[in-house]
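# Structural description and commentary
Residues per chain, in single letters:
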Amino acid sequence: MTSADDKASLSVQGVTVRFGGNIALDDVTLAANPGCVTGLIGPNGAGKTTLFNVITGLLAPNAGIVTMNDRDMTKLGPTRRARLGLARTFQRLELFSLLSVRENIRVAADIRKGWSRDKDNPAEAVEKIIDRIGLRDVADARVDSLPTGQCRLVELGRCLATKPQVLLLDEPASGQDETETAQFAVLLRELAAEGMAVVLVEHDVRLVMDVCHTVNVLDFGRIIAVGTPEQIQQDPAVLAAYLGSTAP
Amino acid sequence: MDKFLTFTIVGLTLAAIYAIIASGLVLTYTTTGIFNFAHGAAGMLAAFTYWQFRFVWGWPTPLALVVVLLVLGPLFGVLLETVIMRGLEGTTDTVKLVVSISLLLFMIALAQLIWAPGISRPLPGFLAGNKPINLGATTITWHQAITIGVAIAVAIGLRLVLTRARIGIAMRAAVDDRSLTTLNGAKPNLVSMLAWAMGTSLAALGGILIAPGPGLEAASLSLLIVSAYAAAVFGRLRSLPLTFLGAIVIGLVEGYLAGYLPQNQYLTGMRIASPAIILFIVLLVLPNPRLRGRMTRSREYFPTPTLAGAIGFAITVVIGAVMLATTLSDPDLITYGRVFPIGIVALSLVPLVGFAGQISLCQLSFAGIGAIVMAHLGAGGDPIALVWAVLIAAAVGAVVALPALRLSGIYLALGTAAFAVILDRWLFNLPVLSVFGLFDINLFANGSVSVDAIELFGRSFDDPGTQMIISAVTFALVALLVIWIRRGRLGRRLLAMKDSEAACATLGLNLIWTKLSVFALSAGIAGLGGALYATQLTSIQPGNFELVQSLQLFAITVVGGIGAVGGALFAALSLYAFLPLLVTLWPSSVRWVGLLPGGAGIGLGRNPNGAVHDVREGFLPLLAARAVLAAMCVAVAGAYVLRLTNVIDNWAFVVLLILFPVIATIAAGLSKPRAVEAAAGNDEEIRDVPLEWRGIDRPWTKADLEQLDRYLGLKEMELHDVR
């Protein structure tokens, strides 16, 4: 169905979301290219998760469009978008708490098997993913007995089972220790190298600067800066947003 | 024109009553998040109480009204809030629903206990003796005028309280964010109590105003509430002005149907069912809700059933049925034979409610459809009719669920309850319906239909004993099917969907399709149960498949444990074996035995894992002690032989049947305390002292340190060595 050369790129154009009188997102434009990790940072309440909700179709924007592979998805529901190759993790974990790690990933693999024409055996695919995210030791444990860091990996594994082209990660490293974060960075780079377009929302600035090709900074619902990690670190507007200095 | 005005007034009077009841419902739902199914029942109790004061004890009308509306009503509301509802904060929709449904059942039973049904209790409207007021073109009775006036007063009063009074503003704040309201100095408990006091008082007012029309009958008065639900759904259960608008629409439609619907036997039922039909239409046009993530974390835990356990369960059920079938007399077999077909209907709830978290309050209606199919297509004992019963019930289930599925939760409960009402009050009572002269649709033929026993290989299974065994074997097979689903792909998917619809959708799952398939599956199973139930009853009537029975079965299955097949057996045994047995042993209990199902639901509905879970835990040591288990089986078999050879009678046999497992469990516990621990295995950590108390309540161990590390995500033990 899909060959290696038509990998998706995600594009968000002019998205605005209002909650009553509050403007949560104001004319936000963002692009994620295949093979790249695109960072999205910003203080709490900046609108990062809201943007993910708009991209995945859980929330309808008041204005703006979302496209993947040049296909307008703005009117599509979350299920259709997922089947076009979009996957996400949740900041407030949305794991299937009654199931084990293996079963959580298996649900996702079975869903893909149900609608795609893949010949893969879902059970085998799940075992590969378990090894890849390094949760072999706890594969049979129920997820609500796991620490947060591992839960985030389960959510990632669940996404991978859908074989996404665009992967949205909402604070995947929070709750992980330094070793885990380092391993996670390696995994992220691998995923991008395979051609996936990864969008990373993260508070761990070191991780963001380490793995991202491009970084977008969101503040009060507006994109205030876009650039390479180096450029972002020196951007006065970004410093003002984060440190509260009165730079112009 | 006169006729039009007359029925406009009839409609507006109904509208006024629905508005009063529905506003009370909205008030309690918005402030406490509990949709009170017993709201109508509170109105019913109030109407009965008023009747008692006014007409039995001869109190003056104003005194009776003041005592019911301003003293008893509010007090009852406060009682409900403090004793029952407050404990439900943070529980799942299913648990809240079970508690309020059980309350409804309890209140109906209570009313029937105090005011024995079947006696005429005339309740005239207000100022019924006075001449109607002349409006020129038409007249309006004093009762009608008072009703409409009271509704307008209630509307203005509520508006003033909610926008002007301090407590009203606190009420609206509590809707938005309860904990934030507390931080801002309001007292949410006081607010809830007031909301329940006002809500119950409004229900009482509505009950007293409506009762003169349909008459004082506990169940039907309580279920008139469906009309009020429909009005509340207009306002998405939140907006009072839209609720009033909805009440007007429903009241007028009902009024005009009364006036203009052709008077024939097909359509009279439609008028009574019209609020339920309107509820369905409103559900169809309500906008899609936003998919949200998990709101409350459920505390429920249903372990994956093991294959051995499943087979053991199935065999035990069949052996039990064979023992009953060979020892009970025919009348007893007919009484207790209902356990297994109803058990199959209860099983239909397990995948739907237990796995998928969807709610259906009309499983007995699906069973009724299966029964009708069996009666007509199974004439002469054709077993293929069972297949048709499953397929047709499943198809109807899918059609019914479709409008409410995208809304789920409380709306699904309301939609399915409305469907049950449409069947109860209209469709099941239709006479033979001829479709364009091509063929006849015959449901209950306006009364009852006889059902033939199943015939297979030229042998008719018409004796109650064989029928019980057939039903039990079918029950066991369906239980195995449900367990197989739970262990497989569909079961995982349903549990996943229950936990997080948002996650499932973003993984590419078609939620509507998944819900629809489980709904159809569940309705199909219920249809099968209904078909077998029909062959056992030999003659069926609409009364066998009423909403109240669905509610009871739903509540008691949750009490038993909705996530496991054992819960279904528990429900069927409690309702159709234990209760009749109790009445046999203790005939005077027949008066209050009806209170038990509701009471059990109120008390036990809060244990999210159900009673069966605890029973299973209790038997674990026995299952681990193989020798004791074998001895027990031999003892049971021995008792069975003694019974068959008439050495002992049925009572002694039953006593032994209960005694042996109890003795065996105690023996297993005594002989092998180790076995308990081994069986508990995985639970050890949970049963231990909570982590934060370790080192205080018991010594701190290395294992605790490791566990703490695991929870905190710290991997290296060196960390501790450094320190």
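## Re the state of the cysteines
All names here are of chain A. As enumerated under the stated definition, the model contains 0 disulfides over all chains in all. Considering cysteine sulfurs only, Cys212 is the nearest to Cys36, which forms no disulfide, with 10 Å between them. With no disulfide of its own, Cys151 has Cys159 as its nearest cysteine by sulfur position, at a separation of 14 Å.

## A short note on the interface of chain B and chain A
The interface of chain B with chain A comprises 30 residues on the first partner and 37 residues on the second. Roughly 3,000 Å² of surface becomes buried between chain B and chain A when both sides are summed, with 56% attributable to carbon and sulfur atoms. Remark: the boundary between chain B and chain A carries 1 salt bridge. When the shortest N-O distance is used, the salt bridge between B:Arg492 and A:Asp110 registers 2.9 Å. Run the count over chain B and chain A and you get 7 residue pairs in polar contact (both at pLDDT 80 or more). At the level of secondary structure, the elements contributing two or more residues to the side of chain B that touches chain A comprise α21 (489-499), α22 (501-506) and α32 (702-712) of chain B. Residue contributions to the side of chain B that touches chain A peak at 7 residues, all from α21(B). The class makeup of the residues in the side of chain B that touches chain A is 12 nonpolar, 6 polar and 12 charged.

## A word on the domain arrangement of chain A
Residue and element names in this part refer to chain A. Taken domain by domain, chain A comprises domain 1 (6-85 + 164-248) and domain 2 (87-163). One C-alpha centre belongs to domain 1, the other to domain 2; they are set 22 Å apart. Taken over both partners, the interface formed by domain 1 and domain 2 buries close to 1,900 Å², and the fraction arising from carbon and sulfur atoms is 56%. Glu190 is paired through a salt bridge with Arg132; the nearest N and O atoms lie 3.3 Å apart. Across the domain 1-domain 2 interface, the total number found is 11 residue pairs in polar contact (both at pLDDT 80 or more). Going through the elements one at a time, α1 (48-56), β7 (166-170) and α6 (178-193) are the ones with two or more residues in the side of domain 1 that touches domain 2. Here the side of domain 1 that touches domain 2 is built from residues that sort into 13 nonpolar, 8 polar and 6 charged.

## Structural notes on the sheet that holds strand β5 (residues 71-72) of chain A
All names here are of chain A. What the 4 strands build is an open sheet, ordered β2-β1-β4-β5; its pairing is antiparallel. Each edge of the open sheet is held by one strand with a lone partner, namely β2 (22-32) and β5. Examined bridge by bridge, strand β4 (residues 63-68) and β5 share 2 bridges and lie antiparallel to one another. Among the inter-strand pairings, Thr67 is bridged to a residue of β5, identified as Asp72. Strands β1 (10-19), β2 and β4 of the sheet are contacted by α1, whose axis makes an angle of about 115° with β1.

What counts, and at which threshold
Residues numbered from 1 in each chain as written. Chains lettered and ligands numbered in written order. Predicted model: local features only at pLDDT ≥ 70, side-chain atom pairs only at ≥ 80, totals over all residues. Heavy atoms only, no water. Disulfide = S-S within 2.5 Å. Contact = heavy atoms within 4.5 Å. Buried area = accessible area lost by both parts, 1.4 Å probe. Salt bridge = Lys/Arg side-chain N within 4 Å of Asp/Glu carboxyl O. Polar contact = N/O pair within 3.5 Å; in protein donor to acceptor, adjacent residues only side chain to side chain. Helix = DSSP H or I, 4+ residues; strand = E, 2+ residues; numbered from the N terminus. Nonpolar A, V, L, I, M, F, W, Y, C, P; charged D, E, K, R; others polar. Domains from an automatic or database assignment. Pairing = 2+ DSSP bridges. Axes fitted to C-alpha atoms, helices over the stretch in contact; angles between N-to-C directions.

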